[in-house]
Amino acid sequence: PDVDFSMIDEEKEGTHVSHWFLKFMASEGWDEDKMNDLLAENEYGTGMLYYHVFRTFDVMIVTPKETRDKLRYGSIQRIVSVMKSTVPVLVEVQGAAFEHFVDGYEYPCVYSKEGDKYPSLEEALDKLKDVSARKKCQEVGLRIAEDFDPDVMVKQLLNTL
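Residues numbered from 1 in each chain as written. Predicted model: local features only at pLDDT ≥ 70, side-chain atom pairs only at ≥ 80, totals over all residues. Heavy atoms only, no water.

Draft legend 1. Highlighting helix α6 (residues 76-83). Looking at α6, one finds that the buried residues are Ile76, Ile79, Val80, Val82 and Met83. The buried residues of α6 occupy an angular sector of 165 degrees when the element is viewed end-on, so they sit on one face. Buried-residue contacts for α6 involve α4 (45-54), β1 (60-62), β2 (89-92), α7 (96-104) and α9 (131-147). (Buried < 20%, exposed > 50% of the residue type's maximum accessible area, 1.4 Å probe, protein only. Helix = DSSP H or I, 4+ residues; strand = E, 2+ residues; numbered from the N terminus. Arc of directions from axis to C-beta. Contact = heavy atoms within 4.5 Å.)

Put into structure tokens, the structure is as follows:
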């Protein structure tokens, strides 16, 4: 099947989900009023906008923010947040934190622009055309998301103390 590739250009479209949400969701029946109503809800708000966007894709690609501190210490929260949506996540491995994260969990849905330890973006996308590969990404991603659940993390901390 053909792959339709859409990207969010934060420099052009803005960093907040409300800046680019309708670009992806207008065809799904969303308009500015509906989006703003959801943003105004204390219980759901911004997180629910992300959820709706993520659910329209077969695969989400998460790239690291390319500042020195983010590459060194990682931006793992971005990966885990998308994994919680149950959409398969393709992770670009760049920097020690990302490499340690994906290797530690043996996460199968990765690519790299450099080196030969990980597949290229094209190779990884080709692999993800297979439903079973996307399902494996979901299964491992949900296990990772559970490990990063605040309740689980607090219990681990309390057990350590």
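Next comes the rest of the write-up.
Draft legend 2. Fine view of a negative patch on the surface. There is a patch of like negative charges on the surface, built from Asp31, Glu32, Asp33, Asp37, Glu41 and Glu43. The topology assignment puts glutamate 43 in the loop between α3 (32-40) and α4. (Patch = residues over 30% accessible without salt bridge, like charges linked within 9 Å, V, L, I, M, F, W, Y side chains within 5 Å. Areas by Shrake-Rupley, 256 points an atom, 1.4 Å probe, with all protein chains shown as cover. Salt bridge = Lys/Arg side-chain N within 4 Å of Asp/Glu carboxyl O. Lys, Arg positive; Asp, Glu negative; His and termini not counted. Charge placed at Lys NZ, Arg CZ, Asp CG, Glu CD.)

Draft legend 3. Summary view of the sheet that holds β1. Taken in spatial order, the three strands make up an open sheet running β1-β2-β3, and their pairing is parallel. Both edges of this open sheet fall to β1 and β3 (110-111), since each of them pairs with a single strand only. Pairing of β1 with β2, which is carried by three bridges, proceeds in the parallel orientation. When the sheet's bridge partners are listed, valine 62 is paired in β2 with valine 91. (Pairing = 2+ DSSP bridges.)

Draft legend 4. Seen up close, the environment of glutamate 92. With respect to the helices and strands, the residue glutamate 92 is situated in strand β2. For the pair glutamate 92 and valine 110, spaced 18 residues apart in the sequence, the C-alpha separation amounts to 5.8 Å. Among all residues touching glutamate 92, those that are not within four sequence positions of it are Val62, Thr63, Pro64, Phe98, Tyr111 and Lys113. At 3.2 Å, the side chain of glutamate 92 and the side chain of tyrosine 111 are in polar contact. (Polar contact = N/O pair within 3.5 Å; in protein donor to acceptor, adjacent residues only side chain to side chain.)

Draft legend 5. Unusual backbone geometry, seen in detail. The phi torsion at threonine 86 lies on the positive side, around 75 degrees, for a residue other than glycine. Residue placement: threonine 86 occurs in the loop between α6 and β2. Given the relative accessible area of 26%, threonine 86 is considered partly exposed. Not every positive phi belongs to a glycine, and glutamate 106 is a case in point at roughly 50 degrees. Relative to the helices and strands, glutamate 106 resides in the loop between α7 and β3. Judged by its relative accessible area of 67%, glutamate 106 is exposed.

Draft legend 6. Inspection of the confidence of the model for the protein chain at higher detail. Of all residues in the protein chain, 91% have pLDDT values of 70 or greater, and the mean over the chain is 85. Within the protein chain, no element has a lower average pLDDT than helix α5 (residues 68-73), which sits at 55, and none a higher one than β3, at 96. (pLDDT = per-residue confidence, 0-100.)

Draft legend 7. Up close: the nonpolar core. Among the nonpolar cores identified, the biggest contains 40 residues, and Ile79, Phe101 and Tyr107 are the most heavily contacted of them. Non-local contacts of isoleucine 79, meaning those with residues more than four positions away in its chain, are made with Val62, Val89, Val91, Phe98 and Phe101. (Core = buried A, V, L, I, M, F, W, Y, C linked by side-chain atoms within 4.5 Å.)

Draft legend 8. Spotlight on the packing of aromatic side chains. Applying the stated rule across the entire model yields eight aromatic pairs. Residues phenylalanine 24 and phenylalanine 57 carry aromatic rings whose centres are separated by 5.5 Å and whose planes lie at 70 degrees to one another, so their mutual orientation is edge-to-face. A residue pair is termed long-range when its members are at least 10 positions apart, and phenylalanine 24 in helix α2 (residues 17-25) and phenylalanine 57 in the loop between α4 and β1 qualify at 33 residues. On the numbers, 6.0 Å between centres and 65 degrees between planes, the contact of phenylalanine 101 with phenylalanine 148 is edge-to-face. Linking phenylalanine 101 in helix α7 with phenylalanine 148 in the loop between α9 and α10 (150-160), this pair joins segments that are 47 residues apart in sequence. Judged by relative accessible area, phenylalanine 101 falls into the buried class, the value being 6%. Classification of phenylalanine 148 as partly exposed rests on a relative accessible area of 29%. An aromatic cluster is present here, built from Trp20, Phe24, Tyr50, Phe54 and Phe57 joined pairwise through their rings. (Phe/Tyr/Trp six-rings, centres within 6.5 Å; stacked < 30°, edge-to-face > 60°.)

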